[in-house]
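These are the residues of each chain, in order.
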Amino acid sequence: MRSQILIAVALMLGCTLLVAATTLFAKALGNGALAEVVPALMVSQARFVFGFLSVALVLVLRRAAGRPAWVEPAGGARPPQWGMHALRTSLGWLGGFLMFSAAVRLPLADANALSFVSPVATMLFAVLLLGERVGPWRWLAAGIALAGALVLLRPGAGIIQPAALLALGAAATMGLEAIVIKRLATTEPPGRTMLINNGMGALIGCVMAAPVFYWPSDATVWLLLVAIGSVMVAAQVMYLTANQLADASFVAPFWYLSLVWAAAYDIVIFGLWPDRISVSGAVIIAAGGLLMTWREIRARRLHAALAGVNARP
C-alpha cells in the first residue's frame, strides 16, 4: 500500500510537470522565441492531432501485448454517447485554444493560476444546470478563489489585462467541460473516451486552423508541436493511473504543483521572476481551491459513513 502511494505521488509530480510544460511549449511557439511564430489555432490543432496519434499508438500496443484496449465499465459495453462526446470535445478545444492564447501573453505562473478557477466554474454550472445544492463553505472557497483571480487581473488604474480574461475564459470553459466529463465517466471507459475526444478534437482543430495553417520549416517547431499533443496524453495517463493507485481526495491537491513548475519554467527559460502580485494571486487561488477540495473530501467521507450506517442490519 505504501509503495502504491509513493508511485501515485511520483505520477502526480510528473503529471503536473508535463501539464505546465504544455503551456511552456505554447508560449515558446507563439511569442517569437523560436525561428517561427505559430498561431494559437495551429497549436490547438497539434494538441489534438498528435494527441490522437499518441492515444491510438498506446491502444495498438496494448492490443499487440494481448491486453484489452480499454476496460469496459461494470455495466458492460455500451454505444458511445456521440452527442456528449462532441460537446465535451468542443469545450475542450475552446478551453485549450484560450489557454494557449493566454500563455503567449502572460507569465506562465499567472496563466496556470487562473486556470485553477475552473473548479469554481464547475461548481457554478452544477448549481445552474444540475440543480446541485452548495453549502456556505464551498461558496466561501469559491469567493476566495475568485478574489485571487481578481488580483491576477491587475485592474490597477481601471485597466484589466485582456490576456488574463482569456485565461479566465479558458477556466470557465474547462469548468463546463468537467460537468460533461462527469456524465461520460459513468458509462464510458477512459481509453475509448480519450480516443474519441482526441479524434474529434483533431477534426475540429484542422477545420479551425485551416485559414492560418502553414508547414513549419524549423525542426524545433515540429518537435514542440508533436510534444504538445503527446505530452498532454502522457499527463492524462499519469493522472488516471495515480487515481487508480490512491484516493482521488489524496491526488487532487497535487494539481497545484503545476503553479510551481510554471513559475520555474518562467525563471529558467525566460528569466521572468514572478512579482508580488503573481505570487499573491496564485496563493489566494490555491487557498480557495484547497478549501474546496477539503470540503469535498469531508462531504464524501460523511456520505460514505452514512451509507455504511444505513447498510447495517
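Owing to the predicted nature of the structure, the values given are computational and were not obtained by experimental measurement.

So, how was this worked out
- Residues numbered from 1 in each chain as written.
- Predicted model: local features only at pLDDT ≥ 70, side-chain atom pairs only at ≥ 80, totals over all residues.
- Heavy atoms only, no water.
- Patch = residues over 30% accessible without salt bridge, like charges linked within 9 Å, V, L, I, M, F, W, Y side chains within 5 Å.
- Areas by Shrake-Rupley, 256 points an atom, 1.4 Å probe, with all protein chains shown as cover.
- Salt bridge = Lys/Arg side-chain N within 4 Å of Asp/Glu carboxyl O.
- Helix = DSSP H or I, 4+ residues; strand = E, 2+ residues; numbered from the N terminus.
- Buried < 20%, exposed > 50% of the residue type's maximum accessible area, 1.4 Å probe, protein only.
- Axes fitted to C-alpha atoms, helices over the stretch in contact; angles between N-to-C directions.
- Parallel < 35°, antiparallel > 145°, perpendicular 65-115°, else oblique.
- Left-handed = near helix turned anticlockwise from the far one by under 90°.
- Contact = heavy atoms within 4.5 Å.
- 1 Å grid on protein atoms, 1.4 Å probe; cavity = no way out; pocket = protein on both sides within 12 Å on 5 of 7 lines; lining within 4 Å.
- Points joined across faces, edges and corners; volume = space filled by probe spheres on them.
- Nonpolar A, V, L, I, M, F, W, Y, C, P; charged D, E, K, R; others polar.
- Expected span 1.5 Å × (residues − 1).
- Polar contact = N/O pair within 3.5 Å; in protein donor to acceptor, adjacent residues only side chain to side chain.
- Phe/Tyr/Trp six-rings, centres within 6.5 Å; stacked < 30°, edge-to-face > 60°.
- Lys NZ or Arg CZ within 6 Å of the ring centre and 35° of its normal.
- Core = buried A, V, L, I, M, F, W, Y, C linked by side-chain atoms within 4.5 Å.

*Asks:* Tell me about a nonpolar patch on the surface, and please be specific about residues and values.
*Replies:* Taken together, the side chains of Leu128, Leu129 and Leu130 make up a nonpolar region of the molecular surface, amounting to roughly 310 Å² of accessible area. With respect to the secondary-structure elements, Leu130 resides in helix H5 (residues 118-130). Classification of Leu130 by relative accessible area gives partly exposed; the value is 33%.

*Asks:* Please set out the packing of helix H2 (residues 40-64) against helix H3 (residues 82-105) residue by residue, giving values where relevant.
*Replies:* For the pair H2 and H3, the least separation of the axes is 9 Å and the interaxial angle reads 130°. Classed by the angle they form, the pair H2 and H3 counts as oblique. The two elements H2 and H3 cross, and the hand of that crossing is right-handed. Only Gly92, Trp93, Gly96, Phe97, Phe100 and Ser101 of H3 make contact with H2, whose side of the interface consists of Ala40, Leu41, Val43, Ser44, Arg47 and Phe48.

*Asks:* A description of the layout of surface pockets should follow, citing residues and the corresponding values.
*Replies:* A volume near 160 Å³ is recorded for the second largest pocket. Along the walls of the second largest pocket sit Ala109, Tyr256, Leu259, Val260, Ala263, Pro274, Ser278, Val279, Ala282 and Val283, which together make up its complete lining. Counting only elements with at least two residues in the lining of the second largest pocket, the list comes to helix H11 (257-270) and helix H12 (276-311). Tallied by class, the residues present in the lining of the second largest pocket amount to nine nonpolar, one polar and no charged.

*Asks:* Please provide a residue-by-residue account of the pattern of salt bridges, values included.
*Replies:* Counted under the stated rule, the structure contains two salt bridges. A salt bridge links Arg88 to Glu177; the nearest nitrogen and oxygen atoms lie 3.0 Å apart. Residue Arg88 is located in helix H3, and its partner Glu177 is located in helix H7 (residues 162-185); the two are separated by 89 residues in the primary sequence. By relative accessible area, which is 11% here, Arg88 ends up buried. A residue is classified by how much of its surface remains accessible, and Glu177, at 11% relative accessible area, is buried.

*Asks:* Could you give an account of H11, naming the residues involved and the relevant values?
*Replies:* Over its 14 residues, H11 runs 19 Å from end to end, which matches the ideal 20 Å to within 8%, given 1.5 Å per residue. Immediately beyond the C-terminal end of H11, within one or two residues, lies Gly271, with a positive phi of roughly 65°.

*Asks:* For the side chain of Glu188, give the residues involved together with the corresponding values.
*Replies:* When you line up the elements, Glu188 lands in the loop between H7 and helix H8 (190-209). Look at Glu188 and you get buried, because its relative accessible area is 5%. Of the polar contacts made by the side chain of Glu188, one reaches the side chain of His85; its length is 3.5 Å. Dropping the residues within four chain positions of it, Glu188 is found in contact with Pro79, Pro80, Gln81, His85 and Thr193.

*Asks:* Can you tell me about the packing of aromatic side chains, naming the residues and giving the values?
*Replies:* Overall, the coordinates contain three aromatic pairs when judged by the stated rule. One aromatic cluster is present, formed by Phe213, Trp215 and Trp222 through successive ring pairs. Lys27 extends its terminal NZ or CZ atom over the ring of Phe270, reaching a point 5.6 Å from the ring centre. In this structure, Arg47 is placed above the aromatic ring of Phe48, and the distance from its NZ or CZ to the ring centre is 4.3 Å.

*Asks:* Which residues make up the environment of Asn198, and what are the values?
*Replies:* Of note, Asn198 is situated in helix H8. Residues Asn198 and Gly229 lie 31 residues apart in sequence; the distance between their C-alpha atoms is 9.3 Å. Filtering out sequence-adjacent residues up to four positions away, Asn198 remains in contact with Arg47, Phe48, Gly51, Phe52, Val55, Val233 and Gln236.

*Asks:* Requested: an account of the nonpolar core, with residues and values cited.
*Replies:* Judged by nonpolar contacts, the single largest core of 30 residues is most densely connected at Leu106, Leu114, Leu259 and Ile285. Mapped onto this core, the elements with two or more residues apiece are H3, helix H4 (108-115), H5, helix H6 (136-153), H7 and H12. Of the residues forming this core, the biggest block, six residues, is contributed by H6. Aside from chain neighbours lying at most four places away, what touches Ile285 is Ala113, Leu114, Phe116, Val117, Ala145, Gly148, Ala149 and Leu152. Residues Phe25, Ala28, Leu41 and Leu224 belong to the second largest nonpolar core, which totals 28 residues.

*Asks:* Account for the environment of Leu168, naming residues and giving values.
*Replies:* Structurally, Leu168 can be placed in helix H7. With 66 residues separating them in the primary sequence, Leu168 and Ala102 have C-alpha atoms 9.1 Å apart.

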